[in-house]
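Examination of the molecular architecture
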Amino acid sequence: MTGRVIEIVERKRDGAKLSPEEIDRIVLGFTKGEVPDHQMAAFLMAVVWRGMDDEETAWLTDSMVRSGKRLDLSRYGRVVDKHSTGGIGDKVTLVVAPLVAACGAPVAKMSGRGLGITGGTLDKLESFRGYRVDLTTKELMAQLGRIGIVVTGQTAELAPADGLMYALRDATGTVPSIPLIASSIMSKKIAAGAHAVVLDVKVGAGAFMRTVREARTLARLMVAIGEAHGLDVTAELTAMDAPLGNAVGNSLEVAEAIATLRGSGPDDLREVVLSAGAEMLYLARRARTRAAGRAMLERAIADGSGLAKLRQLVASQGGDARMVDDPGRLPRAKRVHTLAAVRTAYVARLDASVVGLASVRLGAGREKKGDPIDHATGVVLRAKVGDRVAKGEPYAEVHANGRTGDAEAIEMVQRAFTWGRAAVAPPKLVLGRIASA
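Just so it is clear, the structure is predicted and the values come from calculations on it, not from any experiment.

**Overview of the sheet that holds strand E7 (residues 335–340)**
The strand order across the open sheet built from 4 strands is E6-E9-E11-E7, with neighbouring strands paired in antiparallel fashion. The sheet terminates laterally at strand E6 (247–248) and E7, the two strands that pair on one side only. With 2 bridges joining them, E6 and strand E9 (residues 378–381) adopt antiparallel strand pairing. Across the sheet, the residue bridging to Ala247 is Val380, located in E9.

Right, here's the structure in full:
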């Protein structure tokens, strides 16, 4: 007997370790509508306060996977996926997925929307007019077989418990919990059917994991869960104290991703893309070494095949592919406010969280789930940590559409920069790697 739901909640509240049967009673019962929201909310809060050990978290993940279907993608070869825990200016998927697919490794990715200061891949892709993010499972598999890449939203059949639980977590303040984060991410990855996954675990002021220690704990747990379900998993820890790249905001980030595929993107974005992409090709067994994988990606940038694959992806999902060739067709803000240095100085620090919050005020992000977003607005950084900016030179642009929060957003961007008299070294980007194999 698994006991009544309230008894299971009370046991977790009191710090007990739950059995697989008890976790199933909660998760599968909630998915079927047998466990009401208030009891699941109490359970989630108990997990936030009391935690779960690694074994419990693995059982929780397994239960969430079994709440729906698990795709079998073996007919398409060795399929690889990539997931980021979320950051400011993180448009890596827009670059690395088409590059890896262009190098011959099929990429199947279910992405999410942005919430709060962190942007979402689906919102960015919807900057392409007409791009569909609601593919059915049948459409997902057909497209993967046809062009070797698909980036869509979570389908209803795959890990439905996660979708229901995440909506409740968002509404009840129970998002920041390592067991809940790990099970949410890995249940989707396992259900989606990829054979290998590269996890980009962000660390710093603009990420959920503020310290390397927290990030390593989350990374090790996700790698172990994936390995237990037969996946090859690598977690890369990457810095998120400052925004990644120069653009923060949906269409602005898309334009920067296109520039990177053309070989002219910012150095920090390119480095994270090459690191993640090389790992994806290595796990997909398309490259014998990570160095060989990196060389393949660089060729796909140089010969334009990565850009061509993005064009194919956008067209296949109903988007206006002309925007890939002419980013000027992307949504554009009515006003661009240029911020200039009041004195000659070096950028000593750039707070990603403040820039992310500014983008939300501009309308580029959501205050709460379901809010509409403005694809045209955001921030473009003209200087990063370590750069010297002369008096009168621009250090940032604020792209705005006349909202009430515009003035506050401009002040936030100004406040995000800390200035110094001497140059400082740019931060290290890749902080570590944890792999299953």
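**Brief notes about the side chain of Lys124**
Along the chain, Lys124 falls in helix H6 (residues 121–125). A residue is classified by how much of its surface remains accessible, and Lys124, at 2% relative accessible area, is buried. Polar side-chain contacts of Lys124 include one of 2.7 Å to the backbone oxygen of Asp90. With residues up to four places along the chain from it excluded, the contact list for Lys124 reads Asp90, Lys91, Leu94, Gly119, Asn250, Glu253 and Val254.

**Some thoughts on the environment of Glu21**
Checked against the element boundaries, Glu21 lands in helix H2 (residues 20–31). For Glu21, a relative accessible area of 46% puts it in the partly exposed group.

**Concerning the packing of aromatic side chains**
For the coordinates displayed, the defined rule picks out 3 aromatic pairs. Ring centres 4.8 Å apart and planes at 70° place the aromatic pair Tyr395 and Phe417 in the edge-to-face group. One end of the pair, Tyr395, is in strand E11 (residues 394–400); the other, Phe417, is in strand E12 (residues 417–420), and 22 residues separate them in sequence. In terms of burial, Tyr395 and Phe417 fall into one category: buried. Measuring from ring centre to ring centre gives 5.6 Å for Phe417 and Trp419, while their planes differ by 15°; the resulting arrangement is stacked. A connected cluster of aromatic rings, assembled from ring pairs, spans Tyr395, Phe417 and Trp419. Over the face of the ring belonging to Tyr282 we find Arg290, whose NZ or CZ atom lies 4.5 Å from the ring centre.

**Describing the sheet that holds E12**
Taking strand neighbours across the sheet as the criterion, the 3 strands line up as E10-E8-E12 in an open arrangement whose pairing is antiparallel. Single-partner strands in this sheet number two, and they are strand E10 (388–389) and E12. One ladder, built from 2 bridges, connects strand E8 (residues 345–350) with E10; its direction is antiparallel. Residue pairing across strands places Ala345 opposite Val389, the latter belonging to E10. Those strands touched by helix H17 (residues 406–416) are E8 and E12, and its axis lies near 40° from that of E12.

**Quick word on helix H14 (residues 305–316)**
Counted at 1.5 Å a residue, the expected span for H14 with its 12 residues is 16 Å, and the 16 Å between its end C-alpha atoms agrees. Next to the buried residues of H14 lie helix H5 (92–102), helix H7 (137–147), strand E3 (149–153), helix H11 (250–261), helix H13 (290–302) and helix H15 (322–325). Trailing H14 by a residue or two, Gly318 shows a phi angle of about 85°, which is positive.

**Here we look at the packing of helix H16 (residues 352–362) against H17**
Running from N to C, H16 and H17 point in directions that differ by 170°, and their axes come no closer than 8 Å. Classified by the angle their axes make, H16 and H17 are roughly antiparallel. Considering how the two elements wind past one another, H16 and H17 form a crossing that is left-handed. Packed against H16, whose contacting residues are Val354, Val355, Leu357, Ala358, Arg361 and Leu362, the element H17 presents Asp406, Glu408, Ala409, Met412, Val413 and Ala416 at the interface. For the contact of H16 with H17, a count of residues per class yields 9 nonpolar, no polar and 3 charged.

**Focus on H2**
A turn of α-helix holds 3.6 residues, and therefore any two residues three or four places apart point the same way. The end-to-end C-alpha distance of H2, which contains 12 residues, comes to 16 Å, matching closely the 16 Å that a straight helix rising 1.5 Å per residue would cover. If you check which residues of H2 are buried, you get Glu22, Ile23, Ile26, Val27, Leu28, Gly29 and Phe30. Residues of H2 that are buried sit in contact with helix H1 (5–13), helix H3 (37–50), helix H4 (54–65) and helix H8 (160–172). With its phi angle positive at about 85°, Gly33 sits one or two positions after the end of H2.

About the cut-offs
- Residues numbered from 1 in each chain as written.
- Predicted model: local features only at pLDDT ≥ 70, side-chain atom pairs only at ≥ 80, totals over all residues.
- Heavy atoms only, no water.
- Pairing = 2+ DSSP bridges.
- Helix = DSSP H or I, 4+ residues; strand = E, 2+ residues; numbered from the N terminus.
- Buried < 20%, exposed > 50% of the residue type's maximum accessible area, 1.4 Å probe, protein only.
- Polar contact = N/O pair within 3.5 Å; in protein donor to acceptor, adjacent residues only side chain to side chain.
- Contact = heavy atoms within 4.5 Å.
- Phe/Tyr/Trp six-rings, centres within 6.5 Å; stacked < 30°, edge-to-face > 60°.
- Lys NZ or Arg CZ within 6 Å of the ring centre and 35° of its normal.
- Axes fitted to C-alpha atoms, helices over the stretch in contact; angles between N-to-C directions.
- Expected span 1.5 Å × (residues − 1).
- Parallel < 35°, antiparallel > 145°, perpendicular 65-115°, else oblique.
- Left-handed = near helix turned anticlockwise from the far one by under 90°.
- Nonpolar A, V, L, I, M, F, W, Y, C, P; charged D, E, K, R; others polar.

Shape is all these values report; function is a separate question.
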